[in-house]
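Summary of structural features
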Amino acid sequence: MELNIKASFAFLLLFLARLSDAQTPAAQATVFDITKYGASSNGDISKNLSFNFLTNSTIQDITSQDSKLFHVNVNGCKNLTFIRVNITAPPESINTDGIHVARSSNVNITDCVIGTGDDCISIGDELEQLHITRVTCGPGHGISVGSLGKTPGEKPVVGVYVKNCTFINTDNGVRVKTWPASHQGVVTDLHYEDIIVQNVTNPIVIDQVYCPYNQCNKDVIAITSEDKQSEYKERKGTSRTQDAVLLLCSKGVPCEGVEIGDIDIAYNGKEGPAKSRCENVKPTFVGKQNPPVCAGAQSA
C-alpha cells in the first residue's frame, strides 16, 4: 500500500505540473511547495520524479531518497527553477544521478544538497543556459557535462554556469566527459567560479576519452566532440589524489578557449604535492595556480 500511495503521489504531481503550466500566463511561475512529502524508489519505479515540457515553473522543497536510477529527470523544459531540493542515495548505488537535465533551456538549480552514487547533477545534450548556484555535492561523481558523443545527432550544450558550490568526498568536482570515437558535437561557454573542494579525487576534469568499463574503442584518434570557451576560476580546497587538474583533450579536436583562474588545491599524500595532467590543450591563465597547470601554456 505504501508503494501505491507514493507512486500515485508522484503521478499526481506531474499531472498538476502540466495542468498548471498549461493554464499559467507566461509572465507567472508555477510553484510546487511539497515540504511534507518525500519520494521513494521501491518497486519498479526507475526515476523518482520526471519533469517534462514545463515552462515558467518552480520546484521547491522536495526530498528524494534512494531512487532506483535517476532521482530527478528534466526534459524539454524552459525557464524551470529548482530551490532547496535534497537528494540522497548510498555512495555505491550506480546510475542514481541526482538531477539530470537535457533538451532544456534556462534552468536554475539553487540551494540544493545532493549526495548519490553517481553524478550529483548530470547534463545531457541540447541544453542552453543552466545556472547551478550554492549546491553542496557529496558523495557522488560531481557535476558533469555528459557523457556526450555516444549517440549520433546530439545537439550542442551551450552556457553552463556553476558558482558558489561545494564538493565533499566526491570522485570528481566539475567534469566534462565525451566518448572516444564519438559523434560530432559541441560543448561551449562553460563557467566554473567560487568552487570549494574537500577531499575530492579529481577536482577539475575534462575527459575526451571517457570510457567506463572499457566499452569503447580508445584506439581511434579522430575524436569530433569539441570543448570550447571554458572558464575555471576561484577554486580551492583539497584533493584526494595527486591529480588535482585533468585536462585530457583529443588530438582530433583539441579543447579551445580554456581559461584557468585562481586555483589553490592541496594534496598531502606521500607521493608529493598536487599536480596537473594536460593533453591537446593550451589554456590561458589569470591569477595564480597551485598546482601549476599545463606548464608552458600561455598566460593572459
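Residues numbered from 1 in each chain as written. Predicted model: local features only at pLDDT ≥ 70, side-chain atom pairs only at ≥ 80, totals over all residues. Heavy atoms only, no water.

An unreviewed UniProt entry lists the protein under the name Polygalacturonase, with Anisodus acutangulus as the source organism. Of the protein, the UniProt comment under Subcellular location (unreviewed entry) reads exactly: "Secreted, Cell wall". (UniProt positions renumbered as here; feature names shortened; annotations may be inferred.)

1. Topic: the overall build of the protein
In terms of helices and strands, the protein carries one helix and 25 strands. When each of the 300 residues of the protein is scored for burial, the buried share is 51%. Considering only contacts within the protein whose residues lie at least 6 apart along the sequence, 73% involve residues at least 24 apart. Put simply, the protein shows about 13,700 Å² of open surface, and 50% of that area lies on carbon and sulfur atoms. (Helix = DSSP H or I, 4+ residues; strand = E, 2+ residues; numbered from the N terminus. Buried < 20%, exposed > 50% of the residue type's maximum accessible area, 1.4 Å probe, protein only. Contact = heavy atoms within 4.5 Å. Areas by Shrake-Rupley, 256 points an atom, 1.4 Å probe, with all protein chains shown as cover.)

2. Remarks on the side chain of Thr110
Mapped onto the elements of the fold, Thr110 is located in strand 9 (residues 105–110). A residue is classified by how much of its surface remains accessible, and Thr110, at 16% relative accessible area, is buried.

3. With respect to the packing of aromatic side chains
Tallied over the entire structure, the rule returns three aromatic pairs. For the pair Trp179 and Tyr210, a centre-to-centre distance of 5.6 Å together with 85 degrees between the ring planes defines the contact as edge-to-face. Of this pair, Trp179 sits in the loop between strand 16 (172–178) and strand 17 (185–200) while Tyr210 is found in the loop between strand 18 (202–207) and strand 19 (225–239), placing the two residues 31 residues apart along the sequence. Each member of the pair, Trp179 as well as Tyr210, carries the same accessibility label: buried. Look at Tyr192 and Tyr232: their rings are 4.9 Å apart centre to centre, the planes differ by 20 degrees, and that puts the pair in the stacked class. Of the two residues, Tyr192 sits in strand 17 while Tyr232 sits in strand 19, which places them 40 residues apart along the sequence. Taking relative accessible area as the criterion, Tyr232 reaches 1% and is therefore assigned buried. (Phe/Tyr/Trp six-rings, centres within 6.5 Å; stacked < 30°, edge-to-face > 60°.)

4. Observations regarding the sheet that holds strand 23 (residues 275–279)
Overall, parallel pairing links the nine strands, which are arranged 2-5-8-11-14-16-18-20-23 in an open sheet. Lying at the two open borders of the sheet, with one neighbouring strand each, are strand 2 (49–52) and strand 23. When strand polarity is set aside, the average angle formed by the axes of neighbouring strands in this sheet is 15 degrees. Inspection of the sheet shows strand 5 (residues 72–75) paired to strand 8 (residues 99–102) by four bridges, in the parallel sense. Note on strand 8: the bridge partner recorded for Asn75 is Ala102. (Pairing = 2+ DSSP bridges. Axes fitted to C-alpha atoms, helices over the stretch in contact; angles between N-to-C directions.)

5. Let's talk about unusual backbone geometry
Following Gly146, the chain continues to Ser147 via a peptide bond in cis, the omega torsion being 20 degrees. Within the element layout of this structure, Ser147 appears in strand 14 (residues 143–148). With an omega of 5 degrees, the peptide bond between Asn290 and Pro291 qualifies as cis. When you line up the elements, Pro291 lands in the segment after strand 25 (289–290). The phi dihedral of Asp61 falls on the positive side, at around 60 degrees, and the residue is not glycine. Mapped onto the fold, Asp61 is located in the loop between strand 3 (55–60) and strand 4 (63–65). Of note in the backbone geometry, Gln129 takes a positive phi value of approximately 65 degrees without being a glycine. Given the relative accessible area of 25%, Gln129 is considered partly exposed.

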